[in-house]
Amino acid sequence: MSDSSTPEMNYTTPKAVGLDPAVLRDQLFELWNRKDLQTLHWTALQGFSKLSEPLEALLTILEGCPGKQRGRSHTLGQHVLMEFQSWMKESPQVTLSSLSEQQAMALQQRALSLLTDTQPNFVESLINLYQLNSLDPAILRLHIIRLQALHCYKEAAVLAIKLKLQKELDMEEMCVPLILQNKLPLAESFVIGHNHLEQRLVTLLDLWCHPSFSVEEISMRFPRISLTKQCMSQIQPKLLTKQVFRLLEKFNIDQGLCPNALHKRRFDSLRFLMYKRFVDKSMTEENWSDHVQYVVADDLELQIHLVEMLVRYCGLQKAAQWSLRYNIPKNRLPSGVWETQQSLPPGLQQIGWSGSAQTEQWIPSRSHCQKFYQVPLTKDKVHFVDSPESLQRCRNIVLKECDIVGIDMEWQPTFGCISTQQVALIQLSVLDQVFLLDLCANGFCQHPDTISFIRSLFSERNILKLGYGMSGDLKCLLATWHQLLEEPLRMEGMLDLLNVHQKIQRRKVNRTQNGPKEVLVGEDSAEKGLSLLVQQVLGKPLDKTEQMSNWEKRPLRISQIRYAVADAYCLLDVYSVLSRNPAYFGLPADLRSISSSQSEKSADNKQKEKHAKQMKQAHGNEECQGAQRISPPRSDTEKGLLCGEKPSEDTPALPPQQLRVVCDNMLQGLGRYLRCLGVDVVMLENTDDHRVAAKLAQAEGRFILTCGQPFQSACNSDQYAAVPRKDMVRMLKQKGFLQHQDKTNYTQQQEEEKLGDILPPSVTPEIPRYVQCQWAPLSGLDPDTLTFPGGAPVQLHTVPPALLQRIPLFYVCTRCGKVFWEGSHFGRVLAMFQDVLHITDEDTESAAAVQQN
């Protein structure tokens, strides 16, 4: 009996006495400070075994542990908890269930109070160890609310997710503070998996996309949250709209629940279309008309915006035609449109375009052939595939007779209103012919033979499939055939020429095959993507005019067919040239070995990071001090760069140590990165005036780096034409921007009299001595088209008519046609840079006088 009782006494005696948790905590804290983790490990394991109530003692230790310390990735409490879990594996008898309900509840309450840490392992360990999920949800909810009251919004959200309390909490109260603190991903994590919460988050963001939304009203609900400039920049309609559409796709939510974001996206698309058609002039009338009707749809406000834009861009007649098409109410029409409607003859009341599409020839004009890549095929070599019978003929040739196939796809542009489009046309090019698979043909797309052919083609390893940027094509294929999601498409024998192109660019190849002029890859070229590759390899770019066509409209125009054929057939020609002489382009002998550029990118990035680290170590002390050195440009090359001269191709690259810049206070992050690379950087403080940058640049020969809007919108021209008010009025009337101006109470004679008080006739205005630009004669402007010799039209739509009463002189950039004038901001700018540019009081007084007139 005594023998059997002895072990029991040996077990219970230390339990009754036990080790003081505070003593163990102090021991562990000392070892932690000494960074002796090995000794800490053994001390912790031995100490836990000597505790009389391990679960209670652990809480005592954790409650007395310090918080985060500089230079430590985690806290002592996290380390102790990790050691305790290791000890628990050898001590399975220590569990919460061995305690009474009252004791367990008390420990759970204490453990809950420790859950203010956001380290996932720490939170999960405490939850599991003390079975906190078994607590009354009302108690857990109260703790989350308490954390929010302490402004621990992130901690509250993380804990709520771990405890699965989303349904017990108010979504807005949880997510709005996170969004205001630029933690939208955490808000997404909070709602994910809960359909009604996902929908509420997306509709909340959509409400913020409304033009009348004010972030200040939201922030008033959470006055303790300090909104940073970065956070404010994220909470604006354009970026919010982007987030809404991303979440619509992620959560598979109906777009109809987000009318504000959809309206914003369509409005931005409309503005883009107006630019492409009337400013960039890179879109045909028919393509523009198709896309405008898709974007505007049945939204009355967008229809009104369209008419207003047409008045500004191309005059009243077209605006009147479109207003008739949409039957816009008279009281919503811009001035002059209703009257123009009434004066239109019946033949002009309908919108139409020239019938050139029906008379198009397969062989384009001579100028087109000289400028763009041409497919060496006659029209009879292009075959439409829109039935099982024509598909069988295509299958026999492509799968049985060919070893190389060029693949391209076209789909209807939706301008971001739909995340992924369905393919409308698949182009397959082989040696002497091209097949166009018309997926818009009735019943052809979902025919079993069509899907079977696609699977066979992509999985055939003996046929090399060429493409460019194929990831986008494959994404649209998945949206077209959902069967490919259930049974994924097997891919064999694929070569994405985008990867080949990227390798060429990294090798700095700057010559074209048989081209009279060298082409610098990615620089000084208007071409991009496949068109740029075709230009570099074959000597001429692709004609991309039909790229944004309505590819779902039938029949396709000749120009569309020609574009679709060229996009696929050029892949064969490019591959042929590259294969014959890969070394010329810096490529390996076997182009098929270039399967992906990701590994090379990763290696390049690692090498750059290693080099940056070495530079930072080598120049660590110099970086902080070197940025303050004052010295002139070190070389003629640097002087030339500072004066805006372009370096020649033989000019060696400027080492980072020789680059001297001053960063605006909006680019402090960029400045720190540049310092890591050894660049001599001065960064403005948040409180510095902008003219400090100009002073430093002028005194020390530095470049100014800024992301300010004026620098983004300038075309960098130094030649302007001075346009007197009377000429500006004449041009505005000529283009239909000044209709019914009798209501404004100023006449041509009054305009000339006003102008006469300021400038004598036919005198070029004297250039302010602090402005370094050239004046172009107004006679160089074409009086009929109002374009400059370089082809740029005067952007008259940007001139508000109300300005004409107070602005006597306008300045027009001869390169881009943008119109400038001396507004109220002009005087402030003069005052801002008065010291730097040595502007006298006489200059500012002169400017003020001009503004008053």
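Let me sum up the structure you'll find in this document. (Residues numbered from 1 in each chain as written. Predicted model: local features only at pLDDT ≥ 70, side-chain atom pairs only at ≥ 80, totals over all residues. Heavy atoms only, no water.)

1. Overview of the overall build of the protein
Check the secondary structure of the protein and you find 38 helices and 13 strands. Every one of the 853 residues in the protein was classed for burial, and the buried ones make up 43%. (Helix = DSSP H or I, 4+ residues; strand = E, 2+ residues; numbered from the N terminus. Buried < 20%, exposed > 50% of the residue type's maximum accessible area, 1.4 Å probe, protein only.)

2. What about the sheet that holds strand β9 (residues 703–705)?
Judged by pairing direction, the sheet is parallel, and its 3 strands sit side by side in the order β8-β7-β9 without closing on themselves. The strands lining the two open edges of the sheet, one partner per strand, are β8 (680–683) and β9. Across the sheet, the axes of successive neighbouring strands diverge by a mean angle of 25 degrees, strand direction being ignored. Across 3 bridges, strand β7 (residues 660–663) lies against β9 in parallel orientation. (Pairing = 2+ DSSP bridges. Axes fitted to C-alpha atoms, helices over the stretch in contact; angles between N-to-C directions.)

3. A look at the sheet that holds strand β5 (residues 464–467)
Spatial ordering of the open sheet is given by β1-β4-β3-β2-β5-β6, a layout of 6 strands whose pairing is mixed. Each of the sheet's edge strands pairs with one partner strand only, and the pair in question is β1 (382–385) and β6 (494–496). For this sheet, the mean angle separating the axes of adjacent strands, direction not counted, is 25 degrees. Together, β2 (404–411), β3 (423–429), β5 and β6 form the strand contacts of helix α24 (residues 470–480), whose direction differs from that of β2 by roughly 65 degrees. The strands that helix α28 (residues 558–580) touches are β1, β2, β3, β4 (434–438), β5 and β6; relative to β2, the one it contacts most, it runs at about 145 degrees. (Contact = heavy atoms within 4.5 Å.)

4. Structural notes on unusual backbone geometry
The peptide bond linking R554 to P555 adopts the cis configuration, its omega dihedral lying at 0 degrees. Note that P555 resides in the loop between α27 (529–538) and α28. Located in the positive-phi region is H151, a residue other than glycine, with phi close to 65 degrees. Within the secondary structure, H151 sits in the loop between α8 (137–149) and α9 (153–162). Under the relative-accessibility criterion, H151 is labelled partly exposed at 33%.

5. Re the pattern of salt bridges
In this structure the tally under the stated criterion is 25 salt bridges. Residues K162 and E124 are paired through a salt bridge, measuring 2.4 Å at the closest nitrogen-oxygen approach. Of this pair, K162 sits in helix α9 while E124 is found in helix α7 (residues 120–129), placing the two residues 38 residues apart along the sequence. Assessed through its relative accessible area of 34%, E124 is described here as partly exposed. The salt bridge involving K553 is made with D290; its shortest N-O contact spans 3.5 Å. Taken together, the positions of K553 in the loop between α27 and α28 and D290 in helix α17 (residues 285–296) put the pair 263 residues apart, joining distant regions of the chain. The class of K553 is partly exposed, set by a relative accessible area of 31%. Counted as one network, the salt bridges with shared partners bring together E286, D290, E546, K553 and R557. (Salt bridge = Lys/Arg side-chain N within 4 Å of Asp/Glu carboxyl O.)

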